[in-house]
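# What the coordinates show
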Amino acid sequence: MKKIIAGITLLILFSGKVLFATEGMWLPQLLSVLNEKEMKEMGMKITAKDIYDVSRGSLKDAIVSLGGFCTAEVISDKGLLLTNHHCAYSAIQQHSSLQNNYIDNGFWAFSASEELANPGLTATFIIRIDEVTQQALEGVTGDLTERERQSRIDKNLNAVRASAQKESWQHMLIRPFFEGNKYYLFITETFTDVRLVGTPPSSIGKFGSDTDNWVWPRHTGDFALFRIYADKNNRPAEYSKENVPYKPKRSLSISLDGLNRNDFTMVFGFPGRTQEYLHSAAIAQVLEKQNPAKIEIRTRALNITDKYMRGNEAIKIQYASKFASTANAWKKWQGESLGLEKTRAVAKRKAYEADFQKRVDANPEWKKLYGTLLQDLADTYTAIENPALYRDIFNETMRNVEILSFGTRVIPLINASSRSADAYEDIKTELLEYSKDYFKNYSKETDREVAVALLNLFVSTMPQSFVPATLQADNSALVTSLFNSSLLVHPDNFTATLQKPMDDAVATLSSDPAVQLVSSMARLYSENNVATVNTLQEKLNGLQQKYMEAQLTVFKEKRFYPDANSTMRVTYGKVNGYSPRDAVEYDHYTYLDGVMEKYVPGDYEFDVPAKLIELYNKKDYGPYGVNGKMPVCFIASNHTTGGNSGSPALDAWGNLVGLNFDRVWEGTMSDINYDPSICRNIMVDARYILFIIDKFAGAGHLVREMKLVHPKKQGK
Ligand code: ARG
Ligand code: GLU
C-alpha cells in the first residue's frame, strides 16, 4: 500500500512531465512488439510498420551503412546521401592537396561530372532481417565446451546460408546477438560507386575541432553529401562513367520546423559496439587499467603530431584524418572514465549483481545452472587483467608508430614467399597499392619523434620478457639509425625493392632493421601473451554468453536490448537539456550567435569563414532561420554510439530534422552504463545544413533535389 501511495505521489510530482526510459538500441523489425506503444506515448505519430516493412518501402530503405563505420541516408530520389563531415573526412582528405585544399576550402559539385569517385567507399542497404536463432542453436546443448559449441553453430549457420533466399547481386550476413543467445540473418545490397558531392570547409564542418569534440554546447556543421550511382538496372556496379544516379525505394523528407524541448525524436542507424552487460570487474578494469594505459600512449603520440601539423601546412594535410581518428577515441576514453566514476558505475553494477545472485540462489534450478557464474566471471577477469593490459599496450604502440605498423604489413609478404610465388604476388600487389596512399600521407620527421617516445614508453611499461634486446630505456640513437637505414621510410627504395625478383626482394626486406625490430616485438608478444589472452578470452566469451542467458531468464520483467554490433538499430528519446553538475544547466539548442561567440580570427580550430560572418551580420538566413536566429545544433536523450555518426534524427512523422554526430562529454560512458539524466546525443539541425548548402555555398540546386516539409504546420 505504501508503495502504491509513493507511486501516486511521484506521478503527481512529475505530472505534465512523464519520464520515459530512453535507454536501448532496438532492432527495427521488433519495434512493433517491444517499443511501438511506448514510442507512441512519447509522441510518435507513425507506426512501427512505417519504420520497418519488407513488403513496401519503409524508412529503413532510406538508411545505409556507409563503409561499415558510419551511417548515411538518402535524401533525394536521385540517390543523394547525407552523412557527417567527419565520416567523409578521409575521402575529403584523399582528394585534397596544397593546390586543391578541400579540407580548408570545402568542395561543391555543380554538375554530375564534377562529383568525385571514392574507390573503396560503400553504401549498404538492408533488404530484410530474419531471425535464425532456432536453426543456429540446433543441437547446441549445455554440456558442449565453448569450442564445440562454436563449431556446431558454424556448421548450422552454413546450412542457413545455403538455404537463404536472395538475389544474385545481394549479400547476406549472420550476426550473433545477446552474446550468442540469438542470431539474425541480414540480406543486404551494397553499392560501390559512391561519389562526393559537397562538403563545407572545416571551419564549418569541423568547427571547434578537437577542443569541442565530445562537448556540449556545440556549434559544428558536421555534414557532407555523397551520391550513390547504380547501373542501368538500378543495381550495384563498380565505378563507371556509364553509371547513373541510384533511384531509391524511399528517401527522407526534410523538416523545416525543428524540434522543441520534450519533442519526440528517434535516430536510425548502425551503432558499432556497446558493452552494456559487463561484469563489475570488467568495468573496474576499463577504468583502472585499460583506459589509462591507452590514453597515455596516445597523449604522447598526439602531442608530437600536433606540433608538426601546426608547424607545416603539408603535414597538416597529411595527418588531418589520422590525427582526428586517433584523437577522437583518446578523448572519448577520458570522458568515459570520468562518467563511469561520476555515475558510480562499478557500485551500481555490483548492486545489480547482488540482486541477480539473490534471485538465482532462491531458485534451485537456476542455482544449479547459474549459481557460480558471477564468481567465475570475477575470477576470469582477474586472470585476464595483465594479459589484456599487455595486449592493449602492444597494439597501441604498433598502431601509433607508423614505421612499426607498416612493418606489420611487410611481414606477411615475407612469410608468403615461403608458401608460393602466387601468394607472394597477391600480397605484393596489395602492399604496393597500400603503400601509395601510405607514403603520400607519411612524414618521416613526425614518425621518428613519435617512435622514440612510444618505444621508450613501451620499455618502461612492459615486462622485460616482451622487450627485444635492441631496445633501451632511451631509444633516440636506435631510432635515428633505423630511420637512416630502413627501406620502410624511403618510398622510392621500398618500391624499387619490391620490383626485384622475389628472392632478392625478400632477402633485402628480411635484413631491414625496422622489419627486424617489428618481427622481434611481434615474436616476443606472441610467445608471451597470445595463447594466454586467447584462452582466457574464449573462456570469458562462454561465461558472458551464459550470463546473458541467465539475465534474460532471471529478470523476466526487464526489457532487454542487444549490445550494438554494427547492425541496424532504432533508438528514441526526447529533446532536452541536462545538468552536468550542481548549479549548471545546459539548454537543448545552440544558434549561430554561439559560433560568433567562439570565433577567434585565424585560429586553428575556431576560425569562421568571412562569408558566414557576412550572412550572420545581415541575418540573411533565407527560409531556414527562426525569429531572426539560425539554429545550429541540438541534443536529445537518444542512446547512440560510434557508428551512429551520420544517422538521421527523425521527428514524430519520420522526417529528417537533424543529423547525429556526437555525444556529450558527461555521457560518453553510455556504451557501458547509460544514464538518462546526463546521456545526450548531439545533432546538427537540418535547417543549418540547408542554410550552409544554399546560402553559404550557393549550391541551391542540391536543395531543390530534396523534399522540404513543414510537419508542424501540416501535421505530417
Ligand atoms: N566525436 C565524434 C565521433 O565520435 C566526432 C569525431 C570527429 N571530430 C573530431 N574533431 N575528431 O566520431
Ligand atoms: N561521432 C561518432 C561516430 O563517428 C558518433 C558519436 C558517438 O560515439 O556517439 O560514430
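Scroll up to find the structure this text is about.
For clarity, every value in this text was computed on a predicted model and none was experimentally measured. (Residues numbered from 1 in each chain as written. Chains lettered and ligands numbered in written order. Predicted model: local features only at pLDDT ≥ 70, side-chain atom pairs only at ≥ 80, totals over all residues. Heavy atoms only, no water.)

What follows deals with the nonpolar core. Ranked by size, the top nonpolar core spans 115 residues in total, and within it Ile51, Met266, Leu592, Tyr688, Phe691 and Ile693 carry the most contacts. Broken down by element, the residue count for this core peaks at 8 residues, all from helix H25 (residues 686-696). Residue contacts for Leu592: discarding those within four places in its chain leaves Leu612, Tyr616, Tyr621, Met630, Val632, Tyr688 and Phe691. Counting 62 residues, the second-largest nonpolar core is a separate cluster that includes Val401, Leu457, Val479 and Tyr525. (Core = buried A, V, L, I, M, F, W, Y, C linked by side-chain atoms within 4.5 Å. Buried < 20%, exposed > 50% of the residue type's maximum accessible area, 1.4 Å probe, protein only. Helix = DSSP H or I, 4+ residues; strand = E, 2+ residues; numbered from the N terminus. Contact = heavy atoms within 4.5 Å.)

We now examine the site of ligand 1. All residues adjacent to ligand 1 are His86, Lys206, Ser209, Asp210, Asn213, Trp214, Ala324, Asn328, Ser645, Phe661 and Asp662. Here Asn213 contributes a side-chain N or O atom positioned 2.7 Å from a nitrogen atom of ligand 1. At 2.8 Å, a side-chain N or O of Asp662 approaches a nitrogen atom of ligand 1. Those elements that place two or more of their residues in the shell around ligand 1 are helix H10 (209-212), helix H12 (313-342) and strand S19 (656-663). Residues belonging to the shell around ligand 1 are distributed by class as follows: 3 nonpolar, 5 polar and 3 charged. (Near = heavy atom within 4 Å. Polar contact = N/O pair within 3.5 Å; in protein donor to acceptor, adjacent residues only side chain to side chain. Nonpolar A, V, L, I, M, F, W, Y, C, P; charged D, E, K, R; others polar.)

So, about the packing of helix H8 (residues 146-163) against helix H22 (residues 513-554). Where H8 meets H22, the closest approach of the two axes is 10 Å, and the angle between their N-to-C directions is 70 degrees. By the criterion of interaxial angle, the relationship of H8 to H22 is roughly perpendicular. Facing H8, whose interface residues are Glu146, Arg147 and Arg149, H22 presents Glu538, Asn541, Gly542 and Gln545. A per-class count over the contact of H8 with H22 returns no nonpolar, 3 polar and 4 charged. (Axes fitted to C-alpha atoms, helices over the stretch in contact; angles between N-to-C directions. Parallel < 35°, antiparallel > 145°, perpendicular 65-115°, else oblique.)

Before going further, it helps to spend a moment on the pairing of strand S2 (residues 70-74). Across the 5 residues that make up S2, a large majority, 5, are buried. Side chains Cys70, Ala72 and Val74 project from S2 onto one buried face, and the interleaved Thr71 and Glu73 project onto a second face that is buried too. Relative to S2, strand S1 (residues 63-66) runs antiparallel, the two sharing 4 bridges. Bridge pairing in S2 links Ser65 to Thr71. Once S1 ends, the chain turns through 3 residues before running back antiparallel as S2, passing Gly67 with a positive phi of about 60 degrees. Linking two consecutive strands that pair antiparallel, namely S2 and strand S3 (residues 80-83), is a turn of 5 residues; a positive phi of about 70 degrees is found at Gly79 within it. (Pairing = 2+ DSSP bridges.)

The subject of this paragraph is the site of ligand 2. Around ligand 2, a shell composed of His86, Trp214, Thr640, Thr641, Gly642, Gly643, Asn644, Ser645, Phe661, Asp662 and Arg663 is seen. Ser645 is positioned with one of its side-chain polar atoms (N or O) 2.5 Å from an oxygen atom of ligand 2. One nitrogen or oxygen atom from the main chain of Phe661 is found 2.8 Å from a nitrogen atom belonging to ligand 2. Contact with the protein chains hides 93% of the accessible area of ligand 2, taken as 290 Å² for the molecule alone. The leading source of residues in the shell around ligand 2 is S19, at 3 residues. Residue composition of the shell around ligand 2, grouped by class: 2 nonpolar, 7 polar and 2 charged. (Areas by Shrake-Rupley, 256 points an atom, 1.4 Å probe, with all protein chains shown as cover.)

Let's shift gears to the packing of aromatic side chains. Evaluation of the coordinates by the stated rule reveals 32 aromatic pairs. Summarising the aromatic geometry, the rings of Tyr390 and Phe466 are spaced 5.1 Å apart at their centres and angled 55 degrees between planes, so their arrangement reads as tilted. Highlighted residues: Tyr390 in helix H15 (residues 373-400) and Phe466 in the loop between helix H18 (444-461) and helix H19 (476-485), separated in sequence by 76 residues. The burial state of Tyr390 is the same as that of Phe466; both residues are buried. Ring plane angle 80 degrees and centroid distance 6.4 Å describe the contact between Phe439 and Tyr442, whose orientation is recorded as edge-to-face. Note on Phe439: relative accessible area 12%, which makes it buried. Clustering of aromatic rings is evident, with ring pairs tying together Phe406, Tyr434, Tyr438, Phe439, Tyr442 and Phe494. Note that Arg235 overlies the ring of Trp169, its terminal NZ or CZ placed 3.7 Å from the centroid. (Phe/Tyr/Trp six-rings, centres within 6.5 Å; stacked < 30°, edge-to-face > 60°. Lys NZ or Arg CZ within 6 Å of the ring centre and 35° of its normal.)

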